[in-house]
Amino acid sequence: MTLDAMDWVWTRAKSRGNARLVLLAVADATTGPDATARMGTAEFMRRLAASRSTTRAAVDAALASGELVEEEPAQGSRATRYKIPGAVGYVRTHRATGPESGPVAETTPGPESGPLPAAGPNPGPSTGPESGPPAGIPDTLFGTEIRPPMGPDFGPHHSPIEGVSEGVRERGREVAVIPEFARPLVDQITAAQIYPAWTLAPAEWVIVHALIKRSGPDMLAAAAVQAAQRARNGVAHARYFLRAWQALPPAPAPGTIPAAAPARPASNVIPLDRAAPRGRVAQSADYLAEALAAMEAQQ
């Protein structure tokens, strides 16, 4: 089942970057047709060869994509049980191998016959344990750790999302690079005079991209403003908003009518400019005064 789950991730999953590595790590740990595995943060860090913050962001991105779900939360010494829904019951397509899948080598007749040495151009270096894991599969999944060369001439071939990068070094300092899909959200927050740092990691931009699709930039901007107003010392980094954004509901369907506001309770206070009704005693006194005045007028 492990190979079936990994084949599903390689051929069917839409997640990219570190989120895809999280799916591969879970698929590598599955043992049954339910495509589930228990893994903790430390295990993810070991398999991804990444820091704790980067690992957590990658797991959140995989969960936000829906291709990984948390079936049972961690409890005591038991780690969280994750599930890859798309890989449940998935069976990979077996590719034909052997003489029937390629040209048959020439043989010599006789009891000691066997395949003749291949002639022609050099077929290339042999593959196997000495040549490393197959191309495209992370080295950490095979129990080894081979780090790529570092330096200004090396880097990732592409970002998880088109136009996303963690930041650009300019004369020793990090400058935020905002992807185009996040510009409306960032502009609304900036217009509200809230100026956090936007140097997010690629995996975190993946989360923001998924949340914008789910809830919309207006809802995210309003929640960010509210969170900034509640923060005692202000908001120094946009990473502060991620947890609050993940708790928001999806955007309402087009044409949804807002619920009516509850009616305000009636007040028991009588306005000062409204005269109170006169009682019977006061009305009788007025009637007597009018009668006496009429009698005096007749005399």
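The structure under discussion appears in the preceding block.
Rules used throughout
Residues numbered from 1 in each chain as written. Predicted model: local features only at pLDDT ≥ 70, side-chain atom pairs only at ≥ 80, totals over all residues. Heavy atoms only, no water. Core = buried A, V, L, I, M, F, W, Y, C linked by side-chain atoms within 4.5 Å. Buried < 20%, exposed > 50% of the residue type's maximum accessible area, 1.4 Å probe, protein only. Helix = DSSP H or I, 4+ residues; strand = E, 2+ residues; numbered from the N terminus. Contact = heavy atoms within 4.5 Å. Pairing = 2+ DSSP bridges. Axes fitted to C-alpha atoms, helices over the stretch in contact; angles between N-to-C directions. Phe/Tyr/Trp six-rings, centres within 6.5 Å; stacked < 30°, edge-to-face > 60°.

This part covers the nonpolar core. Membership of the largest hydrophobic core comes to 53 residues, with the highest contact counts inside it found for Phe44, Ile84, Ile189, Trp198, Phe241 and Trp245. Looking at which element gives the most residues to this core, the answer is helix H2 (residues 17-29), with seven residues. Here Phe241 is in contact with Ile189, Ile194, Pro196, Ala224, Ala227, Ala228 and Val235, once residues within four sequence places are set aside.

Below, the discussion takes up the environment of Tyr240. Structurally, Tyr240 is set in the loop between helix H7 (217-230) and helix H8 (242-246). C-alpha of Tyr240 to C-alpha of Ala227: the two residues are 13 residues apart in sequence and 8.7 Å apart in space. In this view, Tyr240 contacts Ala227, Ala231 and Val235; residues no more than four positions away in its chain are not counted.

Quick look at the sheet that holds strand S2 (residues 69-72) now. If you trace the three strands from one edge of the open sheet to the other, you get S1-S3-S2, paired in antiparallel fashion. The open sheet terminates on both sides in strands that have one partner only, identified here as strand S1 (36-39) and S2. Adjacent strand axes in the sheet meet at a mean angle of 40 degrees, parallel and antiparallel pairs treated alike. Here S1 runs beside strand S3 (residues 80-83); their pairing, made up of four bridges, is antiparallel.

So, about the pairing of S3. Only one face of S3 is buried: it carries Thr80 and Tyr82, and the other face, with Arg81 and Lys83, is open. Pairing of S2 with S3 involves three bridges; the strand directions are antiparallel. Bridge pairing in S3 places Glu70 opposite Tyr82.

Attention now moves to the packing of aromatic side chains. Evaluation of the coordinates by the stated rule reveals five aromatic pairs. When the ring of Phe181 is compared with that of Trp205, the centres are 6.3 Å apart and the planes differ by 85 degrees; the resulting orientation is edge-to-face. Of this pair, Phe181 sits in the loop between strand S5 (173-175) and helix H5 (183-191) while Trp205 sits in helix H6 (residues 202-215), and the two are 24 residues apart along the sequence. Its relative accessible area of 0% is what places Trp205 among the buried residues.

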